[in-house]
Amino acid sequence: MSTSTARRTGSVLRSLVEQEVQTITQYRWWLVAMQASVVVVPLISLLVWRGAMARGAEPPVTRDYLTTYLVMVSVVTMLTSSWTARFLAESIRGGQLNAWLVRPCSTHLVAAANNVSEKLAKLATMLPLVVVLGIVFHRDVELPSDAGRWLLFCWALAMGATMMFCFDVVVGSLAFWWDEVAAVDRFRQLAALFLSGALIPLSVMPSAWGAFLQAQPFGYAVAFPIQTLLAPDLAPLRTGLAVQAAWVLLALVAARLVWVSGLRRYSGAGA
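Residues numbered from 1 in each chain as written. Predicted model: local features only at pLDDT ≥ 70, side-chain atom pairs only at ≥ 80, totals over all residues. Heavy atoms only, no water.

With respect to the secondary-structure elements, asparagine 115 resides in helix α6 (residues 109-136). Contacts of asparagine 115, omitting those with residues within four sequence positions, involve Ser81, Ser82, Trp83, Thr84 and Phe165. (Helix = DSSP H or I, 4+ residues; strand = E, 2+ residues; numbered from the N terminus. Contact = heavy atoms within 4.5 Å.)

Encoded structure:
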């Protein structure tokens, strides 16, 4: 990509994000209610785990680790999630994709702009709730003060978000061949919910699942970014960073191949 093309793409993306943010802020009370409900789920898990530990349960992680993880998990899950597949599939089936195919920039810019703008709006409404949660359980919340750890965390977040967005593009692009991809998208969402660590911390899963959990991609969207902050030693994270990078590369290649292959048979029906 040339410098001029990159600048044009960046300018278009910035304009689209600004437009999307203006639209989303019209529903700010809906956003507050939605993000409050999202924070409630890990809060309930946190209370259940703390109650169980108070009665003698011994999970394979410390109380501080579990508390910090569940305080942070809602923010990390939101920042790495993607909801592009359904909208992409609808634009393919309905022919609205035509309007973007003739433009001199990526056809995925609208989805990327929507993804970024919604995350900015959601972060603004969710973060105060998470801060309150952190204050309530501050005695058991342990976060690093090292700036390097936070930079590593941001990198892992960006990589996880990129991977999940590409997976969404793959699922949405299946609409080039199938009339309905909702079932595939729902299955992918359920798999991600369970295997990413968004619902249950992967660190408390059965040890027999260890190799599988470390190899599958979804854990690198939620559990691993949090692990970059909570791991006592950086050495084990090197392998995780390599595996995450491999999955991101594979997701990018898969999204590109499926998209290009689908475009070859696209007829713009419904336009």
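Here the narrative resumes.
So, on to the packing of aromatic side chains. Overall, the coordinates contain 8 aromatic pairs when judged by the stated rule. Consider the rings of tyrosine 65 and tyrosine 69, whose centres lie 6.2 Å apart with planes at 20°: the pair is stacked. In this pair, tyrosine 65 and tyrosine 69 both sit in helix α3 (residues 63-80), 4 residues apart, roughly one turn of the helix. Each of the two residues, tyrosine 65 as well as tyrosine 69, counts as buried. Joined through ring pairs, the aromatic side chains of Phe176, Trp177, Trp259 and Tyr266 make up one cluster. Residue placement shows arginine 86 over the ring face of phenylalanine 87; its charged tip is 4.4 Å from the ring centre. (Phe/Tyr/Trp six-rings, centres within 6.5 Å; stacked < 30°, edge-to-face > 60°. Buried < 20%, exposed > 50% of the residue type's maximum accessible area, 1.4 Å probe, protein only. Lys NZ or Arg CZ within 6 Å of the ring centre and 35° of its normal.)

Looking now at the nonpolar core. With 62 residues, the main nonpolar core has Tyr69, Ile92, Met163, Met164, Phe218, Val222 and Ile226 as its most contacted residues. Breaking this core down by element, the ones donating at least two residues are α2 (28-54), α3, α4 (84-94), α6, α7 (147-173), α8 (182-195), α10 (223-230) and α11 (235-263). With 12 residues, the top contributor of residues to this core is α7. Setting aside its immediate chain neighbours within four residues, methionine 164 contacts Thr80, Ser82, Arg188, Ala192, Phe218 and Ala221. Grouped together as the second largest cluster of nonpolar side chains are 5 residues, Val17, Trp100, Leu109 and Ala113 included. (Core = buried A, V, L, I, M, F, W, Y, C linked by side-chain atoms within 4.5 Å.)

Turning to the pattern of salt bridges, a few remarks are in order. Overall, the coordinates contain 6 salt bridges when judged by the stated rule. Its salt-bridge partner being lysine 122, residue glutamate 118 comes within 3.4 Å of it at the nearest N-O pair. One end of the pair is glutamate 118 and the other is lysine 122, both in helix α6 and 4 residues apart, which spans about a single turn. One exposure class covers both glutamate 118 and lysine 122, and it is buried. With its nearest N and O atoms 2.2 Å apart, the salt bridge here joins aspartate 168 to arginine 188. On the criterion of sequence distance, the pair formed by aspartate 168 in helix α7 and arginine 188 in helix α8 is long-range, its members being 20 residues apart. Given a relative accessible area of 0%, aspartate 168 falls into the buried group. Accessibility expressed as a relative area gives 10% for arginine 188, which makes it buried. Members of the salt-bridge network, linked through shared partners, are Arg50, Arg63 and Asp140. (Salt bridge = Lys/Arg side-chain N within 4 Å of Asp/Glu carboxyl O.)

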